[in-house]
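A look at the structure
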Amino acid sequence: MVDVLLGLQWGDEGKGKIVDYFAPSYDVIARFQGGPNAGHTLYVNDKKVVLHQIPSGIFHENTTNLIGNGVVLDAVTLRRECDIVQSFGVDFRKNLYISERTHLILPTHRALDKASELQKGNEKIGSTLKGIGPAYMDKTGRNGLRVGDLLDKSFTTQYIKLRLKHQKLLDSMNFHEDISAWEEEFFDAIEFMRQFKIVNGEYFINDKISQGKKVLAEGAQGSMLDVDFGTFPFVTSSNTISAGVCTGLGVAPQKIRDVIGVTKAYCTRVGSGPFPTELHDATGEELRKIGNEFGATTGRPRRCGWIDLVALNFACMVNGVTKLVMTKADVLDAFEDLQVCTSYVVNGQKTRQVPFQMTKVNIEPELKAFKGWKQDTSKLKTAAELPEVMKQYVAFINEYLGVNVAYISNGPGRDQLIEI
Ligand code: GDP
Ligand code: IMO
Ligand code: MG
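Below, the structure is looked at part by part. From a predicted model like this one, the values you see are computed outputs, not experimental measurements.

**Description of the packing of helix H4 (residues 107-120) against helix H5 (residues 132-140)**
One can describe the packing of H4 onto H5 by two numbers: an axis separation of 7 Å at closest approach and a directional angle of 115 degrees. As for how H4 packs across H5, the hand of that crossing is right-handed. Within the contact between the two elements, H4 uses His109, Leu112 and Asp113 and H5 uses Ile132, Pro134, Ala135 and Asp138.

This is the structure in structure tokens:
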């Protein structure tokens, strides 16, 4: 049996914290897509840790962690992260597995990412520049190198062949940065990777499922960054939605039980692209300040705005969300008034649907006002203690989406999660 936990907005919904909280109830935590563009924050012994490649179950001794075939893997980031994990006394060699089908991010992929963004100029995606797009392009273009190839004698030859191809592309894009230092650390990290348990991920996970083990698939990014269903072209290069679990781990759809969708009580986006409820005023600033909305991977300030039920409803539909987790509810504690987006006015036409493209049309959000609860909720422990006004805010969201908020997160700490 597989449950899925994923983000319903534009990423950074607090997935890391929630996976870390749920991890003790699962036998396996598996990443199924994305790569080091992800930054999942959790607190271990009150110390902040940001994970980019390793699944967020790594700090639980009895939890097995799998980097699935749908992920793109940066060996250098993985190595760095293993050092951090080890500093907490965790033996990553024991409970971290990597699928042999997982594609590798090469130093030239990072260079290509940078070159592509430079070429786009004002229309840049706002990529994290981790090489994600180029690595997935080599996967679908049938050129990429996979983790399993590491064990093959021809690995270096294959690498050189691909590097030459990339070099031609970089030359044609007029990109001439010296990447020899990146290459050096890449090959060191590749050596380091040889000590990992490199497995056939699809048999590994299906064997676990047959043995009755519980698997939690951990999403990266968010549904509105999905390459098919997000705000294209301002998206990432993988399927971030629940369907990505089947292709990203090799599990059949009938094996999936719950799809747990994580949303902030408001909304943020980092990088470029449409964001209908974005606030460009002092309220947006306040959300950023109180919510500490700065990227966990790049440190960039996150754009902030009100919760967008049109986009959330769409995300619930394409994912088949069965339960919601609402994070960062405490960030709204200080606000006198709150707003919720209930429809879009697209080029003058009111709609509750997300249009196929959102860049060439004018989208005005229709907002419904709510009174704020103006109370410190960060120390509350039970649903009964939650302010009445917050309950009304949540009830409205439940009704609009037709799915219920099952947990409210009221702070970054492991223990700040209230079951409803
Ligand atoms: P992820 O990418 O979805 O795992 O989310 P990030 O880790 O990038 O960003 C979420 C940020 O919000 C992190 O700094 C978390 O520590 C923090 N966070 C998570 N849940 C809560 C919450 O309920 N309240 C507050 N105030 N912060 C939270
Ligand atoms: P987590 O897992 C927020 C955004 C980037 C950019 C776009 C494409 O922490 O929620 P890419 O590097 O994939 O080419 O960037 O997607 N992005 C994220 N935004 N959270 C993330 O991951 C993100 N991963 C990518 O900012 O706009
Ligand atoms: Mg993040």
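**Description of the pairing of strand S16 (residues 337-346)**
Among the ten residues of S16, eight are classified as buried, and the element is accordingly described as predominantly covered. Here strand S14 (residues 307-308) runs beside S16; their pairing, made up of two bridges, is parallel. Bridging across to S16, Ile307 finds its partner in Val340. Strand direction decides the pairing type here: S16 and strand S18 (residues 363-371), joined by nine bridges, are antiparallel. For Val345, the partnering residue across the bridge sits in S18 and is Glu364. Alignment of S16 against strand S17 (residues 349-351), held across three bridges, turns out to be antiparallel. When the sheet's bridge partners are listed, Val346 is paired in S17 with Gln349. The antiparallel pairing of S16 with S17 creates a hairpin that spans two residues between the two strands, and Asn347 there sits at a positive phi of about 45 degrees.

**Quick notes on the packing of helix H11 (residues 309-319) against helix H12 (residues 388-401)**
Their axes nearest at 10 Å, the elements H11 and H12 cross at an angle of 50 degrees. Viewed along their axes, H11 and H12 adopt a mutual orientation that is oblique. Judged by the twist between their axes, the crossing of H11 over H12 is right-handed. The segment H11 lies against H12, with Leu309, Val310, Leu312, Asn313 and Cys316 engaging Phe396, Ile397, Tyr400 and Leu401. Across the contact of H11 with H12, the residue classes break down as eight nonpolar, one polar and no charged.

**Structural notes on unusual backbone geometry**
Geometrically, the link from Phe232 to Pro233 is a cis peptide bond, its omega value of 5 degrees lying close to zero. Mapped onto the elements of the fold, Pro233 is located in the loop between strand S10 (215-218) and helix H9 (243-250). Backbone geometry at Arg142 places phi at a positive 65 degrees, although glycine is not the residue there. Its place among the elements puts Arg142 in the loop between H5 and helix H6 (155-172). For Arg142, a relative accessible area of 76% corresponds to the exposed category. In this model, Lys374 sits at a positive phi of 45 degrees, which is unusual for a non-glycine residue. Of the residues examined, Lys374 reaches a relative accessible area of 46% and is grouped as partly exposed.

**Description of the site of ligand 1**
In the vicinity of ligand 1 there are 19 residues, among which Gly14, Lys15, Thr41, Asp330 and Ser409 approach most closely. The side chain of Asp12 places a nitrogen or oxygen atom 3.0 Å from an oxygen atom of ligand 1. With respect to ligand 1, the backbone of Glu13 contributes an N or O atom lying 3.1 Å from an oxygen atom. In isolation ligand 1 offers 590 Å² of accessible surface; the protein chains occlude 94% of this area. Sorting the residues of the shell around ligand 1 by element identifies helix H1 (15-22) and strand S3 (40-44) as the ones contributing at least two each.

**With respect to the coordination of the magnesium ion (ligand 3)**
Around the magnesium ion (ligand 3), the protein supplies Asp12 (OD) and Gly39 (O) as donor atoms, at distances of 2.1 to 2.2 Å. Taken together, the residues span a long stretch of sequence, with Asp12 in the loop between strand S1 (2-7) and H1 and Gly39 in the loop between strand S2 (28-31) and S3 at a distance of 27 residues. Under the relative-accessibility criterion, Gly39 is labelled buried at 12%.

**Considering the packing of aromatic side chains**
The relation between two aromatic rings is expressed through the spacing of the ring centres and the mutual angle of the planes. A full pass over the atoms with the stated rule returns 16 aromatic pairs. When the ring of Tyr159 is compared with that of Phe186, the centres are 5.5 Å apart and the planes differ by 25 degrees; the resulting orientation is stacked. Residue Tyr159 is found in helix H6, and its partner Phe186 is found in helix H7 (residues 180-193); the two are separated by 27 residues along the sequence. In terms of burial, Tyr159 and Phe186 fall into one category: buried. Here Phe192 and Phe196 contribute two aromatic rings whose centre-to-centre distance is 5.7 Å and whose plane-to-plane angle is 75 degrees, an arrangement assigned as edge-to-face. Across this residue pair, the class does not change: Phe192 and Phe196 are buried. An aromatic cluster of three or more residues is present, and its members are Phe370, Trp373, Tyr393 and Phe396. Against the face of Trp182 rests Arg110, its NZ or CZ located 4.0 Å from the ring centre. Geometry around Tyr26 places Lys214 over its ring, the cationic atom sitting 5.0 Å from the centre.

Conventions used here
- Residues numbered from 1 in each chain as written.
- Chains lettered and ligands numbered in written order.
- Predicted model: local features only at pLDDT ≥ 70, side-chain atom pairs only at ≥ 80, totals over all residues.
- Heavy atoms only, no water.
- Axes fitted to C-alpha atoms, helices over the stretch in contact; angles between N-to-C directions.
- Helix = DSSP H or I, 4+ residues; strand = E, 2+ residues; numbered from the N terminus.
- Left-handed = near helix turned anticlockwise from the far one by under 90°.
- Contact = heavy atoms within 4.5 Å.
- Buried < 20%, exposed > 50% of the residue type's maximum accessible area, 1.4 Å probe, protein only.
- Pairing = 2+ DSSP bridges.
- Parallel < 35°, antiparallel > 145°, perpendicular 65-115°, else oblique.
- Nonpolar A, V, L, I, M, F, W, Y, C, P; charged D, E, K, R; others polar.
- Near = heavy atom within 4 Å.
- Polar contact = N/O pair within 3.5 Å; in protein donor to acceptor, adjacent residues only side chain to side chain.
- Areas by Shrake-Rupley, 256 points an atom, 1.4 Å probe, with all protein chains shown as cover.
- Donors = N, O, S within 2.8 Å, 3.2 Å for Na, K, Ca; no water.
- Phe/Tyr/Trp six-rings, centres within 6.5 Å; stacked < 30°, edge-to-face > 60°.
- Lys NZ or Arg CZ within 6 Å of the ring centre and 35° of its normal.

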